[in-house]
Amino acid sequence: MLNDTPSALLPVYATFPLRAASGHGSWLVDEDGQEWLDAYGGHAVATCGHSHPDVVRAIADQAARLLFYSTAVPHAGRERLAEALIARAPAPLAKVFFCNSGAEANENLLGLARRKTGRQGVVTLRGGWHGRTVATLACTDGAKYEAGASRAGMPLSRKVPLNDIAALDAAIDDTIAAVLIEPVQGFNGARTCTPEFLQAARHLCTARGAKLLFDEVQCGTGRTGRFTAAEYFGVTPDALSLAKGLAAGLPIGAVLAADSLVDDIQLGDLGSTFGGGPVPCAAALANLEVMDREGLLENTRTVGGTLACKCAGLPAVKAVHGRGFLLGLELDRPAAGVQRALWERRILTGTSTDANTLRLLPPLSFSADEAAMLFEAIRVVLA
Ligand SMILES: Cc1ncc(COP(=O)(O)O)c(C=O)c1O
C-alpha cells in the first residue's frame, strides 16, 4: 500500500497510500478527487484544520505586504505573536525566541540550559523523541538515533524510565544542566507523564540547580485541550518548546522561557535568519484567533475525551494513552495492520514506536460527527 512512485526524493519516509491535491477542515483530497478523513493532521500540524480560510487569508495578506525581513528589522506581527504566546503560557514563562522547527527549538532549550548552568549533562525519558539535530538525537531514545549523535561526538543523555521518580532522582547530579521531558510522549504512542512525576521533576531540578525543559512540539499548542501541556499538568518548566501546529502548516518553532533562564542573554547569543518571519507569525496569530473563536481547546477536551472513552470500551483496545487529541490506542495486535485497514476506508491515522499502538492526532477542529465516523471505522476494523 505504500506510495512507491519513483522520484528524486531520498526515500526516508514511509508514506500514506495517496497523493495529496488539497485539503479542507479534517479532510484531505487526493489527486483523484477522493476525500480522506484525516486523524493524523499532517503529523499534528493541522491545528485548525487544513487550509483554514482565515489562516490562508492572513498568509496571503502578509505575503503581499512584506514576504520577509529578518529580525534585524522589528515587526509588529512578531511582537504580537510573542505577546499572544506569553498570554497563553503559565507564569513565569515570559520571553520568546522564534526559530523554524521543533528540533531547532529543542536545540535552543538545551543550549540555554547549558549556558545558564555551566553544566553539560541532560536527563531525558525512555520513549522520548526530541528531533534530528545532533544535540536532540542524543536526547532521543533509540539505538539508531543515539548512534547518529555518537558519530558526531555528542555525549548521550541519561535516559530514565517514564514516571520512575526514584530513577530520576538518581540521575540528576551536579553535572546535569537540564531534564528534558515530553509531558505526553507523541511518537511513543502518547504515553503520558503522571502529574506526580512532573512535580517531582520540578522539585528535583530546583533543588539540584538543573533546568526543567518541556518539549511541547507535539503535545503543545492545544493538543491536550489546554494551550500548553504545562498548564494541563499544573507544572511549569523553566522553558518549553512549541512547533508543529503553532502556525497551522507553516514552519515555525518557539522557545518560551522564564526570565530566570534568559535574564543575562546578550545580543547575538541566539539567532535564526528565518525565525520570526512575518508570514509564519501572521499564520500563527490567525491560528490562535481561530482557536479562540471556534473554541478548539474546548472541542479538543470534549470530542477527544469522548473518543478516548469510547475507544477504551472496545475489547481489542488494551489501553488508551494520551490526552485530548493526542491519543495512543494500545491494541491487542500490530497497529500497522489496523492503520492499513483504515486506509481502505480512506481514513488516515498514525503508528508509533510501540508496534501495537495506533496514534490519533486529528485537527483540534475535528467534529463530534467526524470522531463518531472514525470510531465506527476503528470498531469495525478491530472487530
Ligand atoms: C516531541 C517532538 N519533539 C521534536 C520534534 C522535532 O520537530 P521537527 O520535525 O519540527 O524538527 C518532533 C517531531 O516529530 C516531536 O514530535
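The rules behind each value
- Residues numbered from 1 in each chain as written.
- Predicted model: local features only at pLDDT ≥ 70, side-chain atom pairs only at ≥ 80, totals over all residues.
- Heavy atoms only, no water.
- Near = heavy atom within 4 Å.
- Polar contact = N/O pair within 3.5 Å; in protein donor to acceptor, adjacent residues only side chain to side chain.
- Areas by Shrake-Rupley, 256 points an atom, 1.4 Å probe, with all protein chains shown as cover.
- Helix = DSSP H or I, 4+ residues; strand = E, 2+ residues; numbered from the N terminus.
- Nonpolar A, V, L, I, M, F, W, Y, C, P; charged D, E, K, R; others polar.
- Buried < 20%, exposed > 50% of the residue type's maximum accessible area, 1.4 Å probe, protein only.
- Contact = heavy atoms within 4.5 Å.
- Pairing = 2+ DSSP bridges.
- Axes fitted to C-alpha atoms, helices over the stretch in contact; angles between N-to-C directions.

Neighbouring the ligand are 13 residues, the closest being G102, A103, D215, Q218 and K244. With respect to the ligand, the backbone of G102 contributes an N or O atom lying 2.8 Å from an oxygen atom. Contact between the ligand and W129: a nitrogen atom at 3.3 Å from a main-chain N or O atom of the residue. Here the ligand has 390 Å² of accessible area as a free molecule, and 81% of this is covered by the chains. No other element matches helix 4 (residues 102-117), which puts three residues into the shell around the ligand. By residue class, the composition of the shell around the ligand is three nonpolar, seven polar and three charged.

Our next topic: the environment of H130. Mapped onto the elements, H130 comes out in the loop between strand 5 (121-125) and helix 5 (134-139). Assessed through its relative accessible area of 3%, H130 is described here as buried. For the pair H130 and T302, spaced 172 residues apart in sequence, the C-alpha to C-alpha distance is 28 Å. With near-sequence residues (within four places) excluded, H130 lies in contact with A103, N106, T124, T136, C139, T140, L180, I181, E182 and D215.

Strands in a sheet are paired, the pairing made by backbone hydrogen bonds, and the direction either parallel or antiparallel. Overall, mixed pairing links the seven strands, which are arranged 4-12-11-10-7-5-6 in an open sheet. Looking at which strands have only one partner, the edges of the open sheet turn out to be strand 4 (93-99) and strand 6 (158-160). When strand polarity is set aside, the average angle formed by the axes of neighbouring strands in this sheet is 20°. Direction of pairing for strand 11 (residues 239-242) relative to strand 12 (residues 253-258): antiparallel, over a ladder of four bridges. Across the sheet, residue L240 finds its bridge partner in strand 12, namely L256. Seen against the sheet, helix 8 (residues 195-208) touches strand 5, strand 7 (176-181) and strand 10 (211-215) and runs at an angle of roughly 145° to strand 10.

Let us now look at unusual backbone geometry. For the bond from A91 to P92, the omega torsion is 10°, close enough to zero to count as cis. In this fold, P92 is placed in the loop between helix 3 (76-88) and strand 4. Look at S51: it is not a glycine, yet its phi comes out positive at around 50°. As for its position among the elements, S51 is in the loop between helix 1 (41-44) and helix 2 (53-65). On the basis of relative accessibility, which here comes to 51%, the residue S51 falls in the exposed class. One non-glycine residue, N163, adopts positive backbone phi at about 65°. With respect to the helices, strands and loops of the structure, N163 is situated in the loop between strand 6 and helix 7 (165-171).

Now for the pairing of strand 2 (residues 27-30). Burial of strand 2 is two-sided: the residues W27 and V29 facing one way and the residues L28 and D30 facing the other way are all buried. In textbook terms, the turn of a hairpin is the stretch between consecutive antiparallel strands, and for strand 1 (residues 20-24) and strand 2 this stretch comprises two residues, one of which, G25, has a positive phi near 55°. Pairing of strand 2 with strand 3 (residues 35-38), which is carried by three bridges, proceeds in the antiparallel orientation. Each bridged residue has a counterpart across the sheet, and for V29 the counterpart in strand 3 is E35. From the end of strand 2 to the start of strand 3, which pair antiparallel, there are four residues, and G33 there has a positive phi angle of about 85°.

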